[in-house]
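Coordinates in review
Each chain, written out:
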Amino acid sequence: MSGALRLLIVLFLVCGIAAGSLAFVNSATKERIAEFARLEKIEAMQKVLPRAEEFIEVSPGKLWEARIGGEVVGRVLAASTQGYSGPIESLVGLDGAGAVSGVRVLVQTETPGLGAKITGQGFLAQFQGKKAEEVALKRDDPAGKIDAITAATISSRALTGAVRKVIDDYQKGVQP
Amino acid sequence: MSTEAIPIPVAAKERTRLGKELTKGIIVENPILIIMLGLCATLACSTSATDAFGMGLAFTFVMICSNVVVALVSKITPHQIRIPVFITVISTFVTIVDYAMKAYTPLLSRSLGVFVPLIVVNCIVMGRAEAFASRNGVAASFMDGVGMSIGFTFIITLIGVIRELLGNGTVFGLGVLPAGYQPFLIFILPPGAFLVIGFLMAVHKKFFQKGGAR
């Protein structure tokens, strides 16, 4: 009996101390972690629409309005799709005229050195200034103006398709 | 006279013993090349030198702290519940390091991803707690933890440097090879880790193990 009690007490004490120290660490780091996540999102938005001063969330996690002094100058859309080896999440900036002002990949797990190049400026800079109908791979669509990355057609096509789809949906008035 | 003479050799002996606990983890009982535990993290986090070194540091913190605490509590811990107690201790330190990395080195934390929380099930940490720290004093366990950590961090960083150099042409993110270098992509893909670890084990066997020249 006293043996069983001793097991209980020791385990209880060890877990109690562990829980207490974790609660302390959590409260010490919680704000920094949340703040970083917020800053990171804002930074990504500023990359896709550098002119804007502030971003107002219109549809949570899907659509933001970019404003300068209260005037809407563009929109940021979230695009997600299935890539070659996992989900690809990205942000697409649209300027007032409906042309792409920038694309930035937030999350991806594509093959390092091949598909992962979709995060590089070499690929993403191609989207700049393109109209919706031009956002397609050259090899897939005669109107397309995007060059696929060598040996990473699937990843290139997935991201390009996702960007095209959110712009089309937005322009057709489909609620994101 | 004789009463004074006794403590000195004991202390000296104790120092050499502690020294041995420290150095054994680096060569003779290297956690990756000899004990061959914790290879999952080694394979997954050695695609670049920076990631590998970061993993080594996170591992070092957990390894040393958990060894010391396990050595402290093992005297009062009944045998039947030692595994739950050790796991609680280890996972507490892992969670601390995970939160700290998320808060202070968010980019490194992002690229190591799930492998920081997975240090909980890293067999080296558990293995040293069970095989060493629970049966030895605090000082010896601390030395063992430091030695194992140096051995682990050194080898995983070496693997990271080799894989990043061959697979991406850079070391710690700096381009060191001429621009015309065509990287061997396979080295930053999972099979590359096995190749590099295999070669390092062969080299280690050849130079550091008795009878290894066969």
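Residues numbered from 1 in each chain as written. Chains lettered and ligands numbered in written order. Predicted model: local features only at pLDDT ≥ 70, side-chain atom pairs only at ≥ 80, totals over all residues.

**Things to note about the overall build of chain A**
Stated precisely, the cut-off is as follows: Only DSSP runs of H or I with at least four residues qualify as helices, and only runs of E with at least two residues qualify as strands; both kinds are numbered from the N terminus onward. Only C-alpha atoms enter the radius of gyration; for comparison, a globular chain is expected to reach 2.2 Å times N to the power 0.38, where N is the number of residues. To sort residues by burial, count the other C-beta atoms lying within 10 Å of each one's C-beta; a count of 20 or more means buried, 12 or fewer means exposed, and anything in between means partly exposed. C-beta atoms are built from the backbone.
In terms of helices and strands, chain A carries three helices and five strands. Computed over its C-alpha atoms, the radius of gyration of chain A comes to 23 Å, more than 25% above the 16 Å expected for a compact globule of 176 residues. In terms of overall dimensions, chain A has a C-alpha envelope of 80 × 45 × 30 Å along the principal axes. Relative to its full complement of 176 residues, chain A shows a buried share of 29%.

**Some thoughts on the interface of chain B and chain A**
The condition is simple: Residues are defined as contacting one another if the C-beta atoms placed from their backbone atoms lie within 7 Å. Classification convention: Asp, Glu, Lys, Arg as charged; Ala, Val, Leu, Ile, Met, Phe, Trp, Tyr, Cys, Pro as nonpolar; all other residues, Gly among them, as polar.
Facing 25 residues of chain B, the contacting portion of chain A comprises 18 residues. Counting residues per element, the ones that place at least two in the side of chain B that touches chain A are helix H6 (82-104) and helix H9 (138-168) of chain B. Among the elements that take part in the side of chain B that touches chain A, H6(B) stands out by supplying eleven residues, more than any other. Considered class by class, the residues forming the side of chain B that touches chain A number 16 nonpolar, eight polar and one charged.

**Quick word on the nonpolar core**
Here is the rule we go by: In these notes, a nonpolar core means any group of buried Ala, Val, Leu, Ile, Met, Phe, Trp, Tyr and Cys residues linked to one another through C-beta atoms within 7 Å.
In terms of nonpolar packing, the biggest core is built from 51 residues, with Met55(B) and Val62(B) touching the most fellow members. Elements with a minimum of two residues in this core: helix H1 (2-48) of chain A together with helix H5 (49-73), H6, helix H8 (123-131), H9 and helix H10 (190-208) of chain B. Looking at this core element by element, the count peaks at 14 residues for H5(B). By size, the runner-up hydrophobic cluster in this structure holds 32 residues, among which are Leu77(A), Ile118(A), Phe127(A) and Ala136(A).

**Considerations on the confidence of the model for chain A**
The cut-off we apply is this: Values of pLDDT, the confidence the predictor places in each residue, fall between 0 and 100.
Averaged over every residue, the pLDDT of chain A is 86; residues scoring 70 or more account for 98%. Per-element confidence in chain A ranges from a low mean pLDDT of 81 for strand E1 (residues 54-59) of chain A to a high of 91 for helix H3 (residues 153-171) of chain A.

**Overview of the confidence of the model for chain B**
Looking at chain B as a whole, the pLDDT averages 84, with 93% of positions reaching at least 70. Segment residues 1-6 of chain B: pLDDT under 50, and zero contacts once partners within four positions in sequence are set aside and those in other chains are kept.

**A short note on the environment of Met36(B)**
As for its placement among the helices and strands, Met36(B) is situated in the loop between helix H3 (31-35) and helix H4 (39-44). For Met36(B), a count of 14 C-beta atoms within 10 Å puts it in the partly exposed group.

**Things to note about unusual backbone geometry**
Here Ala151(A), not a glycine, exhibits a phi torsion of approximately 65°, which is positive. Tracing the chain through its elements places Ala151(A) in the loop between helix H2 (121-124) and H3. Judged by the 14 C-beta atoms lying within 10 Å of it, Ala151(A) falls in the partly exposed class. Notably, Met36(B) is not glycine yet its phi reads approximately 55°, a positive angle.

**Focus: the packing of H5(B) against H9(B)**
Residues and elements named next belong to chain B. Quick reminder of the rule: Interaxial angle, 0 to 180 degrees, is taken between N-to-C directions of lines fitted to C-alpha atoms, where a helix line uses only the stretch in contact. Note that the term roughly parallel is reserved for angles under 35 degrees, roughly antiparallel for angles over 145, roughly perpendicular for angles of 65 to 115, and oblique for everything else. Crossing handedness is read from the near helix: turned anticlockwise from the far helix by less than a right angle, it gives a left-handed crossing, and turned clockwise, a right-handed one.
Following both chains from N to C, one finds H5 and H9 inclined at 165°, their axes separated by 8 Å at the closest point. Considering their axes alone, H5 and H9 lie roughly antiparallel with respect to each other. Note on packing geometry: the crossing formed by H5 with H9 is right-handed. Among the residues making up the contact of H5 with H9, the classes are represented as 20 nonpolar, nine polar and three charged.

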